[in-house]
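Each chain, letter by letter, is given below.
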Amino acid sequence: MEGGAILAELRARFGDAVVETHAHRGDHTAVVTREALGEVLGHCRDDARLAFDVLMDLTAVDVSKLPGREDGPRFEVVYHLYSLRHNHRLRLKVRVSEDDPVVPTAVPLWPIADWLEREVWDMFGVRFQGHPALRRLLLYEEFVGHPLRKDYPVNRRQPLIGPRT
Amino acid sequence: MARPTTTREFMLGEGAGTGSGSQNIHVGVGPAHPAMHGIIRIQAELDGEVIVKADVEIGYLHRAFEKDCEVGGWNNAIPYTDRLNYVSPLINNFGYASAVEKLLGIEITERCQYIRVITSEISRICDHLTCVGASAMELGAFTVFLYMIKAREFLWELVEDVTGARLTISYGRVGGVKADLPPDFGDKMRAAFKQVREVLDEVHRLLTGNRIFMDRMVGVGALSREETIAYAITGPMLRAVGVPYDVRRAQPYYVYDRLDWEVPTQAAGDNFARYLVRMAEMEQSMRIAEQALDQIPGGPINVDHQGRPLDPATYVDQGKQGKTESLLLIPIRLSPNLQGSERPAHQRINAADKRVILPPKETTYGSIEGLMNHFMLIMEGYGIRPPPGEAYFAVEGANGELGFYVVSDGTDRPYRVRCRPPCLPPMAALHRMIEGEMVADLVPTFGSVNMIGGELDR
């Protein structure tokens, strides 16, 4: 399926839940509401015409310093989907605010989401509701803060941690 | 999800503890275990010698690649991408550069695309040699390791010829590459490939069909096709379960669609299948590089007015004799990188876009436009400034899809750089591969994952 057709399909099926769609440099992106995210992801994986069987990547962007986006929701959680059957790609985004940075988990759909969501929690502090064990992945448990947030200075030092008993 | 059952017969006494009701024990494997390649820690719950449950921790390498990219300019991230994968750094260089080029909307020159293909494939062979050699060594086949490292050495000499360094090559540039191929590269590459082929032949005879090796690899660490896809595993591990997905074929970039090669696959999905896929891929990579070298536009650099290759000494002699009709056609190479009088090479391998490419040094020193162009790219607050937006570009790394997701806010610094590391998904699925297997099976299985710490931890 061609990228524009995928976006049209999503808009037709989910209506207002698809907040925004665009195609930039050949990448087709749909921004969906948080409430509809689980349903959209499920549809993307299971619908035979879409058949996005691979969750290629899951990451987040702290848009609080992006021009024009300072006042909106702080985080964008970005899903890169790929279909082995149809060889097409789709980028899905969901925007969440700093006060309530919670997104439904994708672990039941793709087990790889387990680690990727742990990494996003680790780096951005975005929580995933329903995740089996949302621990830090790249950093240690006692690490203070979430380093890929824009307000985390690149040279901040962490308190020294002694050996665990 | 269905998990393939691996049947195995217990030797007398070997499986005595299994199911006897005795207490399971916890064993921490790594991070100091020699087969753990550094930073990985696996907490395993054992029943006898069988791993019942495993928890994989990927350790703290703390490179902070993604955070560091936000500090410097767009080209300043190139050295960081080298260090993502120390055995195939060229692919990482080009993956990042291509993502930025996509964001900028610029086209690199055809010769540069061929150079990227050739050097990427050399890197891929180095990566597979290291992976297969190291995992064979962990099973006791030390000869194989030495042979493979010898073969890798031939290739690293090629890499050194092209880039000036062996590991930390920093060869890619947004919009091109650092320097052209050296003049005698073609001959050296063919000679090196001949030796690599001999090594691969030797290794095939040592390992493929070797009773001990097969006992350790066949049926071990298997993952089903469905599970491999659900875990987003790409590269040789995906092809080892029979899915012929390869970014170079599925979404061709550079000039891969002009070349004739195959995507090797296997059906079993176990460690042995992964080994066979990697061995076959090295052959294919050499095929690709050789074809690309045949097709690469440009040809010999020193030719006379009739197109015959000319060595520099003859050229000088002819000049002394007054035979100067072809002098203007001939670019002179004085230095192996772009510091000398290499303006023609510069135009061949770098995009014409003045927003991203530093001018040749003689232009910088010799004309005010060149000087201004140079400064506008070097000064803080200027430099490469992609328009606001985002792009995702994937290349086929040695371990699978290596994707870069870049976000620009219109300034000279990346707003966000995200690397989709190809070895993270197999590490996330590692516990599925080793649960139900024996402790000793952990070693070949972990070897077949080809975990690269720099990529995994970023």
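Here's what I pulled together on the structure shown here. (Residues numbered from 1 in each chain as written. Chains lettered and ligands numbered in written order. Predicted model: local features only at pLDDT ≥ 70, side-chain atom pairs only at ≥ 80, totals over all residues. Heavy atoms only, no water.)

## A short note on the overall build of chain B
To keep it simple, the criterion reads: Strands here mean DSSP runs of E at least two residues long; helices mean DSSP runs of H or I at least four residues long; both are numbered from the N terminus. Each residue's exposure class comes from its accessible area (1.4 Å probe, protein chains only) as a fraction of the maximum for that residue type: buried when under 20%, exposed when over 50%, partly exposed otherwise. Contact criterion: two residues are considered in contact whenever any of their non-hydrogen atoms come within 4.5 Å of each other. To measure how exposed things are, a 1.4 Å probe is used in the Shrake-Rupley method; for residues, cover is taken only from the protein chains shown.
Assigned secondary structure in chain B consists of 19 helices and eight strands. For chain B, the proportion of its 458 residues judged to be buried stands at 58%. For chain B, long-range pairs separated by at least 24 residues make up 68% of all intrachain contacts whose partners lie at least 6 apart in sequence. With an accessible surface of roughly 18,300 Å², chain B has 56% of that area assigned to carbon and sulfur atoms.

## Some details on the packing of aromatic side chains
Selection rule: Geometry of aromatic contacts follows a simple scheme: Phe, Tyr and Trp rings, the Trp one being its six-membered ring, pair when their centres are within 6.5 Å, and the pair is stacked under 30 degrees between planes, edge-to-face over 60, tilted otherwise.
Counting across every chain of the model gives 14 aromatic pairs over all chains. Considering the side-chain rings of Tyr140(A) and Phe143(A), the 5.7 Å spacing of their centres and the 75° angle between planes classify their relative orientation as edge-to-face. On the basis of an interplanar angle of 75° and a centroid distance of 4.9 Å, the ring pair of Tyr253(B) and Tyr254(B) is categorised as edge-to-face. Exposure remark for Tyr253(B): the relative accessible area of 7% places this residue in the buried category.

## Some words on the interface of chain A and chain B
What counts is decided by this rule: Buried area: the accessible surface (1.4 Å probe) lost by two parts on joining, summed over both. Should a side-chain nitrogen of Lys or Arg be within 4 Å of a carboxyl oxygen of Asp or Glu, the pair is scored as a salt bridge. We call two N or O atoms a polar contact when they sit within 3.5 Å, provided that within protein one can donate a hydrogen and the other can accept it, with sequence-adjacent residues counted only if both atoms are side-chain atoms. Nonpolar residues are Ala, Val, Leu, Ile, Met, Phe, Trp, Tyr, Cys and Pro. Charged residues are Asp, Glu, Lys and Arg, and all others, Gly as well, are polar.
At the junction of the two partners, chain A supplies 47 residues and chain B supplies 48 residues. Here chain A meets chain B over a buried area of about 3,800 Å², counting both sides, of which 57% is carbon and sulfur. Linking chain A to chain B there are nine salt bridges. Arg418(B) is paired through a salt bridge with Glu119(A); the nearest N and O atoms lie 2.8 Å apart. Our count for the contact surface shared by chain A and chain B stands at 27 residue pairs in polar contact (both at pLDDT 80 or more). Breaking the side of chain A that touches chain B down by element, the ones donating at least two residues are strand 1 (18–24), strand 2 (27–32), strand 3 (54–62), strand 4 (75–83), strand 5 (88–96) and helix 3 (113–124) of chain A. Ranked by residue count, the leading element in the side of chain A that touches chain B is strand 3 of chain A, at nine residues. Taken together, the residues that form the side of chain A that touches chain B break down as 27 nonpolar, seven polar and 13 charged.

## Describing the packing of helix 6 (residues 185–207) of chain B against helix 11 (residues 271–295) of chain B
All names here are of chain B. Going by this rule: The axes used here are C-alpha line fits, helices contributing only the stretch in contact, and every angle between their N-to-C directions lies in the interval 0 to 180 degrees. By definition in this entry, angles of less than 35 degrees are roughly parallel, angles greater than 145 are roughly antiparallel, angles of 65 to 115 are roughly perpendicular, and the rest are oblique. Should the near helix be turned counterclockwise from the far one by less than a right angle, the crossing is left-handed, whereas a clockwise turn marks it as right-handed.
Relative orientation of the contacting elements helix 6 and helix 11 amounts to 165°, with a least axis distance of 11 Å. With respect to each other, helix 6 and helix 11 are oriented roughly antiparallel. Along this stretch, helix 6 crosses helix 11, giving a crossing that reads as left-handed. Contacts from Phe185, Gly186, Met189, Arg190, Phe193, Val196, Arg197, Leu200, Val203, His204 and Leu207 of helix 6 reach helix 11 at Tyr275, Met279, Met282, Glu283, Met286, Arg287, Ala289, Glu290, Leu293 and Asp294. Broken down by class, the residue content of the contact of helix 6 with helix 11 amounts to 13 nonpolar, two polar and six charged.

## Digging into the pairing of strand 3 (residues 50–57) of chain B
All names here are of chain B. Note the threshold: Strands pair, by our definition, only if DSSP identifies at least two bridges between them.
Relative to strand 3, strand 2 (residues 41–47) is paired through seven bridges, and the arrangement is antiparallel. Bridging from a neighbouring strand, Glu45 pairs with Lys53 of strand 3. Between strand 2 and strand 3, which follow one another and run antiparallel, lie two residues, and Gly48 among them has a positive phi close to 65°.

## Structural notes on the nonpolar core
The nonpolar side chains of soluble globular proteins are, as a tendency, buried together. Applicable threshold: Grouping buried Ala, Val, Leu, Ile, Met, Phe, Trp, Tyr and Cys residues that are joined through side-chain atoms within 4.5 Å yields what is termed a nonpolar core.
Leu10(A), Tyr79(A), Leu92(A), Ile40(B), Ile42(B), Ile122(B) and Met427(B) are the most contacted members of the largest nonpolar core, which totals 181 residues. If one sorts the elements of this core by residue count, helix 4 (residues 110–138) of chain B sits on top with 11 residues. Setting aside residues no more than four positions away along its own chain, Leu92(A) makes contact with Leu10(A), Ala30(A), Val32(A), Val40(A), Leu41(A), Cys44(A), Val77(A), Val78(A), Tyr79(A) and Leu81(A).

## Brief notes about the sheet that holds strand 1 (residues 25–29) of chain B
Residues and elements named next belong to chain B. Pairing is antiparallel in the open sheet, where three strands are placed in the order 1-2-3. Across the chains shown, the open sheet's two edge strands, defined by having one partner strand only, are strand 1 and strand 3. Across the sheet, the mean angle from the axis of one strand to that of its neighbour is 20°, orientation sign disregarded. With five bridges joining them, strand 1 and strand 2 adopt antiparallel strand pairing. Of the residues in strand 2, the one forming a bridge with Ile25 is Leu46.

## Quick word on a nonpolar patch on the surface
Just so we agree on the cut-off: Note that patches include only residues with greater than 30% relative accessible area and no salt bridge, and the join distances are 9 Å for like charges and 5 Å for nonpolar side chains (Val, Leu, Ile, Met, Phe, Trp, Tyr).
Side chains of Ile368(B), Leu371(B), Met372(B), Phe375(B), Met376(B), Met379(B) and Tyr382(B) sit close together on the surface and give an oily, nonpolar patch of about 660 Å² of accessible area. Relative to the helices and strands, Met379(B) is located in the loop between helix 15 (368–378) and strand 6 (389–397).

## Quick word on the side chain of Glu119(A)
Tracing the backbone through its elements, the reader meets Glu119(A) in helix 3. The class for Glu119(A) is buried, based on a relative accessible area of 5%. Engagement of the side chain of Glu119(A) in a polar contact is seen with the side chain of Arg418(B), the distance being 2.8 Å. Residues contacting Glu119(A), with those up to four places away along its chain left out, are Leu137(A), Leu138(A), Arg418(B), Leu424(B) and Arg458(B).

## Quick word on helix 4 of chain B
Owing to its 3.6 residues per turn, the α-helix aligns residues three or four sequence positions apart on the same side. Keep this limit in mind: Helices are assigned an expected span. That span is 1.5 Å times one less than the residue count.
End to end, helix 4 of chain B covers 42 Å across 29 residues, agreeing with the expected 42 Å (1.5 Å per residue, within 8%). Once helix 4 of chain B ends, the next one or two residues include Gly140(B), with phi positive near 100°.

## Points about the packing of helix 4 of chain B against helix 11 of chain B
The relative placement of two packed helices is expressed as an angle between their axes plus a distance between the axes. All names here are of chain B. Where helix 4 contacts helix 11, the axes come no closer than 9 Å and their chain directions differ by 160°. Taken together, the axes of helix 4 and helix 11 lie roughly antiparallel to each other. Regarding helix 4 and helix 11, the two cross each other, and that crossing is left-handed. Between helix 4 and helix 11, the contacting residues are Tyr114, Val117, Ile118, Glu121, Arg124, Ile125, His128, Leu129, Cys131 and Val132 on the first element and Tyr275, Arg278, Met279, Glu281, Met282, Ser285, Met286, Ile288, Ala289, Ala292, Leu293 and Gln295 on the second. Of the residues belonging to the contact of helix 4 with helix 11, the class tally is 15 nonpolar, three polar and four charged.

## A look at the pattern of salt bridges
Enumeration according to the criterion identifies 50 salt bridges over all chains in this entry. A salt bridge links Arg287(B) to Glu262(B); its shortest N-O distance comes to 3.7 Å. With Arg287(B) in helix 11 and Glu262(B) in the loop between helix 10 (247–250) and helix 11, this pair connects stretches of sequence that are 25 residues apart. Classification of Glu262(B) as partly exposed rests on a relative accessible area of 48%. It is possible to trace a salt-bridge network through shared partners that takes in Glu20(A), Asp27(A), Arg69(A), Glu76(A), Arg91(A), Lys93(A), Arg95(A), Lys102(B) and Glu390(B).

## Quick word on the environment of Arg249(B)
Residue and element names in this part refer to chain B. Relative to the helices and strands, Arg249 is located in helix 10. Given the relative accessible area of 38%, Arg249 is considered partly exposed. A C-alpha to C-alpha distance of 8.1 Å links Arg249 and Val263, two positions 14 residues apart in sequence. Setting aside anything within four residues of it in sequence, one finds Arg249 in contact with Trp261 and Val263. One polar contact links the side chain of Arg249 to the main-chain carbonyl oxygen of Trp261, over a distance of 2.7 Å.

Distances and angles like these do not, on their own, reveal function.
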